[in-house]
Amino acid sequence: MTSLSGDLRFGGEVTQRGYDLWADTVNDEKGGIEVGGETYEVEVEYADAQSSPSTGADAASEMIEDGADAILGPYSSNVTLAVCPIMEQNSMPHITGSAESPQIWQEGFEYSFGTIPTVSIIGNEATSALLNLEPQPDSVYVTAVNEPFSVATGESMRDAAEEAGVTVENYEEFPRDADYTNVVSAAQDVDPDLHLHGGHIGSHVDLISASEQLGYNPDGFLMHYGVNTGSYKDGADDQAPYTFGATVWIPSVDRSGGVLFDSPQAYADASESEYDTAPDYTQAGSTAAGIVFQEAFKELGSAPPLSQDDKDELIGILEEIDVNTFYGDVAFETEGEYYHNNINTQTLLIQLGEDGSPAIVGPEDAATDEANYPVPAWDER
Amino acid sequence: MVDIGLFTQIVINGLLLGGIYITIGVGFSLAFGVLEVVDFAVGEYVMVGAFMGAVLAPVFGAEGIFVIPIVLVVFFLAGSLIQPLIHHVTTGDRPHPLLMGLVFTFGLATFLRGSVLTIFGPNNQDVPSSLLTGGVTVPGVGTFPVVRTVTAVFGVTGLLVFMYYLYRTRGGMAIRAIAEDRTNARLMGININRYQSIAYGAYAALTGSAGVFIGMIFTANPGMGLQYTAFAFFMVVLAGMGYLPGVILAGIVLGLTQSFTAVYISGNLVLLVLFAIIYVVLLVSPAGILGKGEWAT
């Protein structure tokens, strides 16, 4: 399930590419999933959540009534929070490759799993990596769009700054349709060293545009989610370079391959070849979700359609699983606030270069390039 | 203690934000005042204008402002062609003409949004401009973002041009006569279809051009229209339905309220405060802040 229409269609299409690339590759290269000596071709059927939590919940119920064996998706935390209780009520195994709100895992859903680490980890670790750059910043200004994912992102950034002993000049939430000159003017008035922002791509573009228009020049902007997506680069255009972002995967990351794809770059090449577009971590996480199901089905050894006992056994297998993939090692937490979330994948601090391509600039043990920091002022670019 | 520097900057931000709203509100108010059409497609005209800017600007040296004359002409022609269709569904023996106009323009809005989404995809698109970048800082006052300042000037100029046309030319007199009494205007020999097409074409041209400016300020996105439709409604309610001069005051009130609420109260409460103002105006002065519009019924 994903959002194939509505405001979240962009992200929905990203996840769809991820799931499709997994299904196509496993079918092309292995003829499908081998279960008990026989190979079964993977069929992915889509339900459109239409970017709406309630529609997503209805779509999940319909998929279950139609006899789904397992469910991938949906896209976005809002929709996932509405879909997980439906999975729970129907004891349906479910892995999402694209939901980051910590609230999902704090609820303790027994039948839902996620391959992408929660944003409270991604935002926190990316901020910590940025705060370690030289010259070390003394103050930050934190903003977030008022919706669950973005607020969780902003709060994790704020918490990371406070943990590092850096002054948080202000933490401000505002609606998506707010005018960003006011956000920028308030920030500009306190002149922070860094501006940290939680939101989706449109809000990043508005914030960076207003900053350029008002000549607001902190030493760097860290924004999450999606600064390395085409949508951000197209929208921000000349203003996109030097923006810092957070991710858990990019094609150039140094990780060994595993099931299906030999390396992150091999996966990126396959995506380029199939869709003529570079994958981001949401697409990679979605493909990894498919791979995890693939390995769990193999271990289960029961032919489809799955009985309820099979599905319950599958949950046990998922709790124990440890799969090496191009995306990284995937294993799910079995207790605590990250229950059933894969938190093993390392967070990367990235920065867009002048051509808009991302480079890994932190943390120190993962960096492949040096950060351009402090970033040039607007009139020096 | 109020920081004077921040205070003046917030005033500037609010006034220039009001300028953006004025560029949208002028045409919308004209369409309602003259044609009695509540046009649900206004935001989508803004969106299509922004996409025209994104597509055509690279052809004109990556300069969005050079696209404006083309957008004015294209939208004027498109508006002139659309208006007879609106006229067709809102006249004759059809019941509830206002509702019919709303339904027609709602369908048009859905069609435009879906078409752009299908053609260009959901990504944000930049409307480039190398002339209208950065801001001009006036010491002791604040920074005036160039693109927003030009947009506000464009909106106010558009309003003044419309008002001159309406109140100082024979064509404007004909349009006002139509707005006053369509039947009597026809009896006086006024070609109603022609002047209504001119009025709707002018509204579409101004709104589409506003879209190019808004694309330069923010970005072009298929989902951006609804927000501007909502603000256009806010504008006409505050200005007084169909009362053009009130649009300036409405834009300033909306812009300043949004800016001061965001900075001095809470960014989260901006829309709540705006809606509260709209409700109060509807309750206390249904003919707008100045009391000179038609009654909102």
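Scroll up to find the structure this text is about.
Residues numbered from 1 in each chain as written. Chains lettered and ligands numbered in written order. Predicted model: local features only at pLDDT ≥ 70, side-chain atom pairs only at ≥ 80, totals over all residues. Heavy atoms only, no water.

## Looking at the overall build of chain A
At step 1: A tally of helices and strands in chain A yields 12 helices and 14 strands.
At step 2: Its C-alpha atoms give chain A a radius of gyration of 21 Å, within 12% of the compact-globule value 21 Å for 381 residues.
At step 3: Residues counted as buried form 62% of the 381 residues belonging to chain A.
At step 4: Relative to all contacts within chain A whose residues are 6 or more apart in sequence, the contacts with residues 24 or more apart total 66%.
At step 5: When the accessible area of chain A is evaluated, it comes to approximately 13,600 Å², of which 38% is carbon and sulfur surface. (Helix = DSSP H or I, 4+ residues; strand = E, 2+ residues; numbered from the N terminus. Rg over C-alpha atoms; globule rule 2.2 N^0.38 Å. Buried < 20%, exposed > 50% of the residue type's maximum accessible area, 1.4 Å probe, protein only. Contact = heavy atoms within 4.5 Å. Areas by Shrake-Rupley, 256 points an atom, 1.4 Å probe, with all protein chains shown as cover.)

## Things to note about the overall build of chain B
At step 1: Within chain B, the secondary structure is distributed over 11 helices and 2 strands.
At step 2: For chain B, the N- to C-terminal ordering of α and β elements is α-α-α-α-β-β-α-α-α-α-α-α-α.
At step 3: The globule rule puts the C-alpha radius of gyration for 297 residues at 19 Å, and the 19 Å found for chain B is close to it.
At step 4: Structurally, chain B occupies a C-alpha span of about 60 × 50 × 35 Å along its principal axes.
At step 5: For chain B, buried positions account for 54% of its 297 residues.
At step 6: Partitioning the intrachain contacts of chain B with sequence separation of at least 6 by distance along the chain shows that 75% fall at a separation of at least 24.

## Section: the sheet that holds strand S13 (residues 348-352) of chain A
All names here are of chain A.
At step 1: With respect to topology, 7 strands assemble into an open sheet ordered S7-S6-S8-S9-S10-S13-S14, the strand pairing being mixed. The sheet terminates laterally at strand S7 (167-174) and strand S14 (358-362), the two strands that pair on one side only. Each neighbouring strand pair of the sheet contributes to a mean axis angle of 25 degrees, computed without reference to strand direction.
At step 2: Sheet topology note: the strand S6 (residues 139-145)/S7 ladder contains 7 bridges and is parallel. The residue of S7 that forms the bridge with Thr143 is Glu172. (Pairing = 2+ DSSP bridges. Axes fitted to C-alpha atoms, helices over the stretch in contact; angles between N-to-C directions.)

## Notes on helix H4 (residues 97-120) of chain B
At step 1: Between its first and last C-alpha atoms H4 of chain B spans 34 Å; for 24 residues at 1.5 Å apiece the expected length is 34 Å, and the two agree.
At step 2: Listed in full, the buried residues belonging to H4 of chain B are Gly101, Thr105, Leu108, Ala109, Leu112, Val116 and Leu117 of chain B.
At step 3: On the buried face of H4 of chain B, the contacting elements are helix H1 (9-30) of chain A together with helix H2 (42-56) and helix H3 (68-90) of chain B.
At step 4: Two residues or fewer after H4 of chain B comes Gly121 of chain B, characterised by a positive phi angle close to 80 degrees. (Expected span 1.5 Å × (residues − 1).)

## Quick word on a nonpolar patch on the surface
At step 1: Taken together, the side chains of Phe7, Tyr264, Ile265, Leu269 and Leu272 of chain B present a nonpolar region at the surface, about 470 Å² in accessible area.
At step 2: Following the sequence through the fold, Tyr264 of chain B ends up in helix H10 (residues 246-265). (Patch = residues over 30% accessible without salt bridge, like charges linked within 9 Å, V, L, I, M, F, W, Y side chains within 5 Å. Salt bridge = Lys/Arg side-chain N within 4 Å of Asp/Glu carboxyl O.)

## Digging into the side chain of Thr105 of chain B
At step 1: Within the secondary structure layout, Thr105 of chain B lies in helix H4.
At step 2: Contacts of Thr105 of chain B, omitting those with residues within four sequence positions, involve Val37, Val38, Asp39, Phe40, Ala41 and Ile86 of chain B.

## What about the interface of chain A and chain B?
At step 1: Contacts between chain A and chain B engage 29 residues on the former and 32 residues on the latter.
At step 2: Across the chain A to chain B interface the summed buried area is about 2,600 Å²; carbon plus sulfur atoms make up 47%.
At step 3: On the chain A side of the contact with chain B, Asp179, Asn182 and Gln213 of chain A bury the most area, a combined 24% of that side's loss.
At step 4: Taken together, the links from chain A to chain B amount to 1 salt bridge.
At step 5: Arg148 of chain B is the salt-bridge partner of Asp179 of chain A, the closest N and O atoms lying 3.0 Å from each other.
At step 6: The tally of links from chain A across to chain B stands at 13 residue pairs in polar contact (both at pLDDT 80 or more).
At step 7: Of all the secondary structure elements, the ones that give two or more residues to the side of chain A that touches chain B are H1, S7, helix H7 (180-190), helix H8 (201-214) and helix H9 (230-236) of chain A.
At step 8: For the side of chain A that touches chain B, the element with the most residues is H8 of chain A, which contributes 8 residues.
At step 9: Of the residues that constitute the side of chain A that touches chain B, the class distribution is 8 nonpolar, 10 polar and 11 charged. (Buried area = accessible area lost by both parts, 1.4 Å probe. Polar contact = N/O pair within 3.5 Å; in protein donor to acceptor, adjacent residues only side chain to side chain. Nonpolar A, V, L, I, M, F, W, Y, C, P; charged D, E, K, R; others polar.)

## Comments concerning the packing of aromatic side chains
Both the distance between ring centres and the angle between the ring planes are used here to describe each pair of aromatic rings.
At step 1: Counting across every chain of the model gives 27 aromatic pairs over all chains.
At step 2: Centre to centre, the rings of Phe174 of chain A and Tyr180 of chain A are 5.2 Å apart; their planes meet at 85 degrees, and the pair counts as edge-to-face.
At step 3: Since its relative accessible area comes to 0%, Tyr180 of chain A is described here as buried.
At step 4: Measuring from ring centre to ring centre gives 5.3 Å for Phe261 of chain A and Phe326 of chain A, while their planes differ by 75 degrees; the resulting arrangement is edge-to-face. Taken together, the residues Phe261 of chain A in the loop between strand S10 (244-247) and helix H10 (264-275) and Phe326 of chain A in the loop between strand S11 (323-325) and strand S12 (328-330) connect sequence positions 65 residues apart. Accessibility assignment for this pair places Phe261 of chain A and Phe326 of chain A in one class, buried.
At step 5: Connected via pairs of aromatic rings, a cluster forms that spans Tyr21, Phe231, Phe234, Phe275 and Tyr279 of chain B.
At step 6: The ring of Trp378 of chain A is capped by Arg381 of chain A, whose NZ or CZ atom sits 4.0 Å from the centre of that ring. (Phe/Tyr/Trp six-rings, centres within 6.5 Å; stacked < 30°, edge-to-face > 60°. Lys NZ or Arg CZ within 6 Å of the ring centre and 35° of its normal.)

## Things to note about the pairing of S14 of chain A
Regular strands have side chains that alternate between both faces of the sheet.
At step 1: Among the 5 residues in S14 of chain A, 4 count as buried, and that is most of the element.
At step 2: The antiparallel hairpin formed by S13 of chain A and S14 of chain A contains 5 residues in its connecting segment, where Gly356 of chain A sits at a positive phi of about 85 degrees.

## Considering the pattern of salt bridges
All names here are of chain A.
At step 1: Tallying each qualifying case throughout the model produces 5 salt bridges over all chains.
At step 2: Two residues, Arg176 and Asp206, come together in a salt bridge whose shortest N-O distance is 3.1 Å. Linking Arg176 in the loop between S7 and H7 with Asp206 in helix H8, this pair joins segments that are 30 residues apart in sequence.
At step 3: In this structure Asp206 comes out as buried when scored by relative accessible area, which is 8%.

## Focus on a negative patch on the surface
Residue and element names in this part refer to chain A.
At step 1: On the surface, a cluster of negative charge is contributed by Asp24, Asp28, Glu29, Glu41, Glu43, Glu45, Asp58, Glu62, Glu65, Asp66, Asp262 and Glu274.
At step 2: Within the residue set of the negative patch, elements represented by two or more residues are H1 and helix H2 (53-65).
At step 3: Its location among the elements puts Glu274 in helix H10.
At step 4: Its relative accessible area of 46% is what places Glu274 among the partly exposed residues. (Lys, Arg positive; Asp, Glu negative; His and termini not counted. Charge placed at Lys NZ, Arg CZ, Asp CG, Glu CD.)

## Structural notes on the nonpolar core
At step 1: Counting residues in hydrophobic clusters, the biggest one holds 105 residues, and the most contacted among them are Trp22, Tyr232, Phe244, Tyr327 and Leu349 of chain A.
At step 2: Considering every element that reaches this core, the biggest residue donor is helix H11 (residues 281-300) of chain A, with 10 residues.
At step 3: Once residues lying within four places of it in the same chain are set aside, the contact partners of Trp22 of chain A are Ile33, Val42, Val44, Leu72, Leu260, Thr287, Gly290, Ile291 and Gln294 of chain A.
At step 4: Core analysis: the second largest hydrophobic core is formed by 85 residues, Leu17, Met47, Val67 and Phe234 of chain B among them. (Core = buried A, V, L, I, M, F, W, Y, C linked by side-chain atoms within 4.5 Å.)

Note that every value here comes from positions in space, so none of it alone points to a role or purpose.
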